Amino acid sequence: MRESRRGLGCAAGLIAGILILAAAIPGGLKLYERYRPTYEMADKTEVFQIRGNQAAILLNGELQDSKGIYAEGQVYLPVSWVNQYVNERFYWDSGEELLVYTLPEEIVYADARTEGESGHLLQVYDGEAYLSLGLISNYSDIRVQAFDTSEIKRVFIDTTWDPLDQAVLRRGGMVRVRGGIKSPVICEAVKGDTVTVLEAMDHWSKVRTADGYVGYIENRRLKEEQPLELSSSFSAPVYKNISMEQPVVLAFHQVFTQDANQKMESLLEETEGINVIVPTWFVIQDTEGNYSSIASKDYVDKAHEMGIQVWAMLNNVSTAESVAVNTAELMSSTSTREKLIESLMDDAQEYGFDGINLDFESLRSEAGPHYVQFIRELSVACRKAGLVLSVDNYVPSAYTQFYNRKEQGIVADYVIIMGYDEHYAGGEAGPVSSISFVENGIADTLKQVPKEKVINAIPFYTRLWTTEGGSQTSQVFDMEEEEIWISENHLDPEWKEELGLYYAERQGENGLEQLWMEEERSIGEKMDLVRQYGLAGVACWKLGFEKPEIWEIISGKIQ
């Protein structure tokens with residue numbers, strides 16, 4: 001009986017074992033499925049997000065939303081993308097379907113018919129220009145690698161020359177769409193392959209393979225990373241600029257008529273140290289490139305006799321007609337820009353002035369690229385003619401970034417900061433030019449423009465603000481008028497250290513009157529900043545609004 005029980009016990013154990021194993025198999029299968037890597041191949045068209053004749057763009061290893069196109073046996077990239085990420089100097093005139101590239105002393109043009117060594121330099125689709133890789137590479141400091149012979153066309157653009165982290169595979173493995181063994185496979189890498197490590201993580205690394213795929217591979221398959229040093233053979237264009245041998249002391253001379261030109265000598269009688277005068281002679285009239293002129297050869301000759309250069313201003317602010325001109329429309333036409341520049345060069349030859357000053361204000365952001373292109377092209381003409389090119393700019397702000405001060409600082413000779421109108425007509429009451437406003441404007445401009453090219457403009461005017469109820473009005477005072485107002489109202493202005501200005505107020509018949517003064521002390525503090533930051537000089541708006549004593553302050557601190 002005992003043997004029978006033992007035998008039954010063995011049978012029962014065997015059955016129990018079978019039952020346990022049977023129960024374990026589904027869990028084992030699940031466990032196996034959980035840790036079994038997938039070998040499913042990824043859909044590369046989905047990975048690179050391309051269709052038809054599109055070519056994927058990878059910038060510094062990152063897939064871009066924009067796509068290139070494959071045509072005539074090569075890849076072309078959209079000029080809008082190239083402008084944003086690679087080279088902003090490729091200018092596409094969509095109206096005339098013309099590509100313009102501005103070099104220091106030459107302007108290069110191309111259209112859809114223009115051919116290079118490998119075919120057409122550009123393709124046009126739906127009004128958008130696409131540039132050949134060869135064209136882009138000729139003018140840009142980049143590394144380019146194109147894989148355009150396979151079905152999955154892709155191009156790698158790298159804009160940095162930092163050492164590459166490279167690693168050799170100690171074991172072959174799958175390069176996957178994402179980190180993890182369940183992620184689909186992009187390609188297989190074999191032992192001995194070299195990959196570029198784009199991003200290293202705890203267990204996986206993002207890599208770029210030699211055959212042009214980007215994905216993730218297990219770190220255990222990689223040997224220790226080794227840096228690959230890179231060097232660029234690109235020769236950047238050299239812009240030769242005209243610089244005055246001494247600090248610039250510039251006075252803006254606002255003139256509206258030929259007769260006003262005759263006042264130049266009398267306005268300069270009590271000045272000291274001025275070496276540049278800027279008459280507001282040329283005013284934009286329309287979008288066809290026409291401008292009015294009150295230029296005077298006699299004015300230039302007299303200024304030269306006094307040892308003063310004349311930089312004639314072209315502006316869009318002197319008349320209601322000029323303010324209404326759509327600058328984006330004006331500047332977006334290549335032929336119109338050419339006409340405008342040719343007219344300015346003709347006037348320079350006729351009147352003999354020494355430079356051109358641009359004062360284009362209240363531009364909308366869409367006008368920015370066209371205005372900057374005008375500056376580039378004008379700089380070529382000025383460089384050839386030996387004319388100084390200066391450009392007036394607001395104090396930097398988020399709203400004026402499209403003025404592109406960095407590019408101005410490369411192609412123009414001087415960049416002038418209009419360090420005033422901190423508070424302006426139609427806005428809230430406040431100073432025209434507090435010391436922090438001026439210093440911030442200088443510091444922010446110097447982030448983009450070399451100090452040797454920066455001129456800070458200071459105001460010879462202020463505003464008397466009147467506030468009644470919820471409304472505010474203001475009127476411009478020159479330095480003499482502000483002193484008269486102070487004297488007539490028997491006021492004792494208070495120095496505001498944080499503003500670098502004297503302040504006075506009174507309750508008048510029409511409401512609260514407030515005045516933040518511009519006088520010797522405030523101008524002296526602004527000049528201290530010009531010297532502290534080592535700027536190229538100072539500009540003054542405007543001639544005739546100052547007290548004679550101001551020039552002693554300016555000339556004494558500009559040295």
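This structure is a prediction, so every number in the text was calculated from the model and none was measured.

A word on the overall build of the protein chain. A tally of helices and strands in the protein chain yields 16 helices and 34 strands. Expressed along its principal axes, the backbone C-alpha trace of the protein chain runs to roughly 135 × 65 × 40 Å. Residues counted as buried form 49% of the 559 residues belonging to the protein chain. Sequence separation of 24 or more characterises 69% of the internal contacts of the protein chain that already satisfy a separation of 6 or more. Taken as a whole, the protein chain presents about 27,200 Å² of accessible surface, with 48% of it coming from carbon and sulfur. Averaged over its 49 positive side-chain charges, the protein chain has a centre that lies 19 Å from the centre of its 88 negative ones.

Taken in spatial order, the seven strands of this open sheet run β9-β10-β3-β2-β1-β12-β11, and their pairing is mixed. Only two strands of the sheet have a single neighbouring strand rather than two, namely β9 (122-125) and β11 (143-147). Here the average twist between neighbouring strands, direction ignored, is 30°. Sheet topology places β11 next to strand β12 (residues 154-158); five bridges connect them, and they run antiparallel. Paired with R143 across the two strands is D158, which belongs to β12.

The amide bond that connects W541 to the next residue, K542, takes the cis arrangement and shows omega of -5°. Unusually for a residue other than glycine, E97 sits at a positive phi of about 45°. By secondary structure assignment, the location of E97 is in the loop between β4 (90-93) and β5 (98-103). For E97, a relative accessible area of 41% corresponds to the partly exposed category.

Moving on, we come to the pairing of β9. Alignment of β9 against strand β10 (residues 128-132), held across four bridges, turns out to be antiparallel. Bridge pairing links Y125 to E128 in β10. Counting the residues between successive antiparallel strands, the hairpin from β9 to β10 contains two residues, one of them, D126, with a positive phi of roughly 50°.

What follows deals with the environment of Y420. Inspection of the secondary structure assignment puts Y420 in the loop between β27 (414-418) and α13 (435-446). For the pair formed by Y420 and V432, sequence separation is twelve residues and the distance between their alpha carbons is 5.4 Å.

Time to look at the UniProt feature "domain: GH18" (unreviewed entry) in the protein chain. In the numbering used here, UniProt assigns the "domain: GH18" (unreviewed entry) feature to residues 247-559. When the span residues 247-559 is considered, its composition is 37% helix and 27% strand, and the gap between its end C-alpha atoms is 7 Å.

Turning our eyes to something else, we now look at the packing of helix α10 (residues 334-351) against helix α11 (residues 368-385). Relative orientation of the contacting elements α10 and α11 amounts to 35°, with a least axis distance of 10 Å. Regarding α10 and α11, the two cross each other, and that crossing is right-handed. Between α10, through R337, L340, I341, L344 and M345, and α11, the contact on the second element is made entirely by H370, Q373, F374, E377, L378, A381, C382 and A385. Of the residues contributing to the contact of α10 with α11, the split by class is nine nonpolar, two polar and two charged.

This part covers the sheet that holds strand β6 (residues 106-110). Read across the open sheet, the three strands follow the order β4-β5-β6; overall the sheet is antiparallel. Each of the sheet's edge strands pairs with one partner strand only, and the pair in question is β4 and β6. Taking each pair of neighbouring strands and ignoring which way they run, the sheet shows an average axis angle of 25°. By the bridge criterion, five bridges tie β5 to β6 in an arrangement that is antiparallel. Bridge pairing in β6 links V100 to Y109. In this fold α11 packs onto β4, β5 and β6, with an angle of close to 50° to the strand it touches most, β5.

What follows deals with the packing of aromatic side chains. Each aromatic ring pair is summarised here by two numbers: the centre-to-centre distance and the angle between the ring planes. Counted by the stated rule, this structure contains 22 aromatic pairs. Their ring planes at 85° and their centres at 5.9 Å tell us that F147 and F156 sit as a pair that is edge-to-face. Accessibility assignment for this pair places F147 and F156 in one class, buried. For the ring pair Y503 and W516, a centre distance of 5.0 Å and an interplane angle of 45° mean the geometry is tilted. In this pair, Y503 is assigned in strand β32 (residues 501-508) and W516 in strand β33 (residues 511-516), connecting sequence segments 13 residues apart. Taking the relative accessible area as the measure of exposure, Y503 reaches 13% and is therefore buried.

This part covers the packing of helix α15 (residues 520-532) against helix α16 (residues 549-558). Relative orientation of the contacting elements α15 and α16 amounts to 20°, with a least axis distance of 9 Å. Classified by the angle their axes make, α15 and α16 are roughly parallel. Seen along the crossing, α15 lies across α16 with a hand that is right-handed. Together, E520, I523, G524, M527, D528, V530 and R531 of α15 and E549, I550, I553, I554, G556, K557 and I558 of α16 make up the contact between the two elements. Considering only residue class, the contact of α15 with α16 consists of seven nonpolar, two polar and five charged.

This brings us to the pairing of β10. For β10, the buried fraction is high: four of the five residues fall into the buried class. Pairing geometry for strand β3 (residues 74-78) and β10, over three bridges, is antiparallel. The residue bridging L77 from the neighbouring strand is L131, located in β10.

For the rest of this paragraph, the subject is the side chain of Q514. With respect to the helices and strands, the residue Q514 is situated in strand β33. The buried category is assigned to Q514, whose relative accessible area is 13%. Ignoring sequence-local partners within four residues, the contact set of Q514 consists of A429, R463, L464, W465, T467, Y503, A504 and E505.

Reading the values: rules and limits
- Residues numbered from 1 in each chain as written.
- Predicted model: local features only at pLDDT ≥ 70, side-chain atom pairs only at ≥ 80, totals over all residues.
- Heavy atoms only, no water.
- Helix = DSSP H or I, 4+ residues; strand = E, 2+ residues; numbered from the N terminus.
- Buried < 20%, exposed > 50% of the residue type's maximum accessible area, 1.4 Å probe, protein only.
- Contact = heavy atoms within 4.5 Å.
- Areas by Shrake-Rupley, 256 points an atom, 1.4 Å probe, with all protein chains shown as cover.
- Lys, Arg positive; Asp, Glu negative; His and termini not counted.
- Charge placed at Lys NZ, Arg CZ, Asp CG, Glu CD.
- Pairing = 2+ DSSP bridges.
- Axes fitted to C-alpha atoms, helices over the stretch in contact; angles between N-to-C directions.
- UniProt positions renumbered as here; feature names shortened; annotations may be inferred.
- Left-handed = near helix turned anticlockwise from the far one by under 90°.
- Nonpolar A, V, L, I, M, F, W, Y, C, P; charged D, E, K, R; others polar.
- Phe/Tyr/Trp six-rings, centres within 6.5 Å; stacked < 30°, edge-to-face > 60°.
- Parallel < 35°, antiparallel > 145°, perpendicular 65-115°, else oblique.

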